[in-house]
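Summary of structural features
So you can see what is in the structure, the chains are spelled out below.
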Amino acid sequence: PKPQNPKTPGAILLNLLLKEKMKIAVALLMAVVDCEVIELTEDNLEATWSESPPKQGWFVKFFAPWCGHCVALAPKWEEFAEGTPEVNVAEVNCVDEKELCDQFDVSSYPTLLYFPTGEDDHYKFYGPRDAEHFWDFSMGEEWRLWKNRY
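The text that follows walks through the structure, step by step, so that each part is easy to find. (Residues numbered from 1 in each chain as written. Predicted model: local features only at pLDDT ≥ 70, side-chain atom pairs only at ≥ 80, totals over all residues. Heavy atoms only, no water.)

1. Details of the state of the cysteines
- Under the defined criterion, the tally for this structure stands at one disulfide.
- There is a disulfide in this structure between Cys94 and Cys101, and the S-S distance comes to 2.0 Å. Torsion about the S-S bond of the Cys94 and Cys101 cystine: about -90°, corresponding to left-handed handedness. As far as burial versus exposure is concerned, Cys94 and Cys101 are alike and both buried. (Disulfide = S-S within 2.5 Å. Buried < 20%, exposed > 50% of the residue type's maximum accessible area, 1.4 Å probe, protein only.)

Pasting the structure below:
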């Protein structure tokens, strides 16, 4: 509803409320957008990494759609993405993006690699495959334990 006189106290209050609701809606939308699995391709990799908001790093799942372990991992990976806004969570379909997977020496599926912000290296995840362990690895900086291991 739009009041007739935009300078009345009621109109001013209504405008403020609408603006605040819009701000809240935008903040909620941004939270949802920031907490989803991002599909990486060779075409969007550099732009996506450089334009994404700065976070702890990137945790990337390299998978093949025909892989049973990958299919079983998918809901756990989604759960991790939805519950961890501090980390960019992504995936690469290695059937469609073979060259990109070769670039990171992916030879089995699924392969989970963590790319911490400010580091030149990436680190392979070897732990149990659930949201809690993904969080411990990325947010708890457990990846540092693997630095010189492989």
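2. Observations regarding the sheet that holds strand β5 (residues 123-124)
- Read from one edge of the open sheet, five strands run β1-β3-β2-β4-β5, paired in mixed fashion. Looking at which strands have only one partner, the edges of the open sheet turn out to be β1 (38-39) and β5.
- Here helix α3 (residues 68-83) sits on the sheet and contacts β2 (57-63), β3 (88-93) and β4 (111-116); the angle it forms with β2, its principal contact strand, is near 160°. (Pairing = 2+ DSSP bridges. Helix = DSSP H or I, 4+ residues; strand = E, 2+ residues; numbered from the N terminus. Contact = heavy atoms within 4.5 Å. Axes fitted to C-alpha atoms, helices over the stretch in contact; angles between N-to-C directions.)

3. Examining helix α5 (residues 131-138)
- The set of residues buried in α5 consists of Ala131, Phe134, Phe137 and Ser138. For α5, the angular spread of buried residues about the axis comes to 125°, placing them on one side.
- Turning to α5, the residues buried within the fold contact β2, α3, β4 and β5. (Arc of directions from axis to C-beta.)

Just geometry here; none of it tells us what the structure is for.
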